[in-house]
Structure formats: C-alpha cells, structure tokens
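Observations on the model geometry
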Amino acid sequence: MREKVYVSGTANNLYRKRPGSLTEAANDEQHYYMVRRFFLDWATAYLQRHGIKNIEIENMIERARSIPGL
C-alpha cells in the first residue's frame, strides 16, 4: 500500500505527556537521536524498496542526517 505523506518542520498536534510514555522518553536527548536515526534509516529503505526517486525528499533526509548527534 502506498500513501501520500506530508512532512512539516513545525509541530501541528497537541498531546499530553504521561510518565513512562514514548513521548516522554524521546525528550531524553540520546534517545531522541536514536529514534530519529531509526526513522531516517526506515524512510531511506522505504524509498529504495519502492523504487521512489525524489531528490527533494532525499535532500531533506540528508540534511536531517547532518544534524549533530546523528
């Protein structure tokens, strides 16, 4: 199944953080970068697996990977 995806650099949702939640854990800087790296690896593999060639998305992923800590 293929779906359209919208990527935004801003937070567009509201949520509550509960003790022990994934959102709370992601606030830990080391954990945040681990999760971010996992997502970027997944996104890259997804594009490759589905033969999607989009230079704009590839450039965004590369820029995200260049953030210190990744």
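Quantities reported herein were computed from a predicted structural model and do not represent experimental measurements.

This next bit is on the nonpolar core. Leu-40, Ala-43, Leu-47, Ile-61 and Ala-64 together form the largest nonpolar core, which totals five residues. Mapped by element, the contributors of at least two residues to this core are helix 2 (29-49) and helix 3 (55-65). Looking at this core, the element that brings in the most residues is helix 2, giving three residues.

Here the focus is the confidence of the model for the chain. Counting all residues, the mean pLDDT for the chain is 82, and 81% of those residues have values of 70 or more. Per-element confidence in the chain is highest for helix 3, whose mean pLDDT is 93, and lowest for helix 1 (residues 22-26), whose mean pLDDT is 64.

Conventions we followed
Residues numbered from 1 in each chain as written. Predicted model: local features only at pLDDT ≥ 70, side-chain atom pairs only at ≥ 80, totals over all residues. Heavy atoms only, no water. Core = buried A, V, L, I, M, F, W, Y, C linked by side-chain atoms within 4.5 Å. Buried < 20%, exposed > 50% of the residue type's maximum accessible area, 1.4 Å probe, protein only. Helix = DSSP H or I, 4+ residues; strand = E, 2+ residues; numbered from the N terminus. pLDDT = per-residue confidence, 0-100.

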